[in-house]
Amino acid sequence: MSEVFEGYERQYCEISASLLRKCTSAAALEGEQKKQKVSEIKSGLDEAEALIRKMDLEARSLQPSVKAGLLAKLREYKSDLNNLKSELKRITSANPKQAAREELLESGMADTLAVSADQRGRLLMSTERLNQTTDRVKDSRRTMLETEELGVSILQDLHQQRQSLLHAHNALHGVDDNIGKSKRILSAMSKRMDRNKWIIGGIIIALVLAILIILYFKFAH
């Protein structure tokens, strides 16, 4: 169903229920209070009729498979509006009983009141279902916003963790460089120590040979 049609339908159901209550209360009023209530009812009827025209235009612009069901529902709303107009006519008539008889004769239906009550019951049920649907949509939207906020928070945490990992990686890279330098220094020191050992060994051998030569010449003479 069209969301636009549903919006018009919800508004009409609310206005129809309000008009029914106003008609009931206006029937018990007199004088200026009744005139004021009748004026409110007429304004509401104009608004309801404008909504029906909008629903009719919207329904006729849709696909045939959807349009048929909406037009059938629209006929019920039009019938309900006519009943409300008849009720207003009865309230404003100088002779309510005579107006009621004329209304029944014109419509040709003796069960108008029963049908109207049934239609209004369906309208109230439709209004309730539409309100429940609206609440579910609001809940879904709120859940979506909460999920979006949670997703943003998770992304921020992941970004911070990535920065921490990059910092740790850079620190490890620096440690690797320091270890490499230390290895090179230790290797150079090891080579120098080996070279010093050979030099000291050579010196010792030279001293031993010199001592041996001196002793030889000493004992030979």
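The written sequence of each chain sets the order in which its residues are numbered from 1. In keeping with the model being predicted, local features are shown solely for residues with a pLDDT of at least 70 and side-chain atom pairs are shown and tallied solely at 80 or more, while totals for entire chains, interfaces and linings include all residues. Excluding hydrogens and water, the side-chain figures rest on all heavy atoms present in the structure.

Per an unreviewed UniProt entry, the protein goes by Vesicle transport v-SNARE 11-like and derives from Ananas comosus. Under the UniProt heading Subcellular location (unreviewed entry), the note attached to the protein is "Prevacuolar compartment membrane". If you open the UniProt record of the protein and go to Sequence similarities (unreviewed entry), you find "Belongs to the VTI1 family." UniProt positions are given in the numbering used here, feature names are shortened, and annotations may be inferred rather than shown by experiment.

**Focus on helix H3 (residues 64–92)**
Taking 1.5 Å of rise per residue, 29 residues should cover 42 Å, and H3 covers 41 Å from first to last C-alpha, within 8% of that figure. Buried, partly exposed and exposed residues are distinguished by accessible area as a fraction of the type maximum, computed with a 1.4 Å probe on protein chains only: under 20%, between the cut-offs, and over 50%, respectively. What counts as a helix is a DSSP run of H or I of at least four residues, what counts as a strand is a run of E of at least two, and both are numbered from the N terminus. The set of residues buried in H3 consists of Leu-70, Leu-71, Leu-74, Tyr-77, Asp-80, Leu-81, Asn-83, Leu-84, Glu-87, Leu-88 and Ile-91. To estimate how far a helix should extend, the number of its residues minus one is multiplied by 1.5 Å.

**Quick notes on the packing of aromatic side chains**
Each aromatic pair joins two rings of Phe, Tyr and Trp (for Trp, the six-membered one) with centres within 6.5 Å, and gets the label stacked for planes under 30 degrees apart, edge-to-face for over 60, and tilted for any other angle. Per the stated rule, a full pass over the model turns up two aromatic pairs. Here the aromatic rings of Tyr-12 and Tyr-77 are separated by 5.2 Å at their centres, their planes lie at 45 degrees, and the arrangement is tilted. With Tyr-12 in helix H1 (residues 3–26) and Tyr-77 in helix H3, the pair connects residues that are 65 residues apart, well separated along the chain. Taken as a pair, Tyr-12 and Tyr-77 share a single burial class, namely buried. Look at Tyr-216 and Phe-217: their rings are 5.6 Å apart centre to centre, the planes differ by 75 degrees, and that puts the pair in the edge-to-face class.

**Observations concerning the nonpolar core**
One finds Tyr-12, Ile-41, Leu-45, Ile-52, Met-55 and Tyr-77 to be the most contacted residues of the largest nonpolar core, which totals 24 residues. Counting residues per element, the ones that place at least two in this core are H1, helix H2 (31–60) and H3. Any two residues whose heavy atoms approach within 4.5 Å are treated as being in contact. Among all residues touching Ile-41, those that are not within four sequence positions of it are Leu-19, Lys-22, Cys-23, Ala-26 and Leu-88. Side-chain atoms within 4.5 Å are what join buried Ala, Val, Leu, Ile, Met, Phe, Trp, Tyr and Cys residues into a set we call a nonpolar core.

**A closer look at the UniProt feature "transmembrane region" (unreviewed entry) in the protein**
Following the UniProt record, the feature "transmembrane region" (unreviewed entry) maps to residues 198–217 here. Overall, residues 198–217 shows 100% helix and 0% strand. The separation of its end C-alpha atoms is 29 Å.

**Focus on H2**
Because an α-helix packs 3.6 residues into every turn, residues spaced three or four apart end up facing the same way. Counted at 1.5 Å a residue, the expected span for H2 with its 30 residues is 44 Å, and the 44 Å between its end C-alpha atoms agrees. Those residues of H2 that sit buried are Lys-34, Val-38, Ile-41, Gly-44, Leu-45, Ala-48, Leu-51, Ile-52, Met-55, Asp-56, Glu-58 and Ala-59. For H2, the elements touching its buried residues are H1 and H3.

**Details of the pattern of salt bridges**
Where side chains of opposite charge bring their charged atoms close, a pairing between them can arise. We define a salt bridge as a contact between a side-chain nitrogen of Lys or Arg and a carboxyl oxygen of Asp or Glu at a distance within 4 Å. The full count for this structure, using the stated rule, is eight salt bridges. Between Lys-37 and Glu-40 there is a salt bridge, and its shortest N-O distance comes to 3.8 Å. Of this pair, Lys-37 and Glu-40 both sit in helix H2, three residues apart, which is roughly one turn of the helix. Overall, Lys-37 belongs to the partly exposed group, its relative accessible area being 21%. Here Glu-40 falls in the partly exposed class, since its relative accessible area comes to 30%. The salt bridge involving Arg-90 is made with Glu-87; its shortest N-O contact spans 2.6 Å. With Arg-90 and Glu-87 both in helix H3, this residue pair falls three residues apart, about one helical turn. Three or more residues joined by partner-sharing salt bridges are found here, namely Lys-22, Lys-37 and Glu-40.

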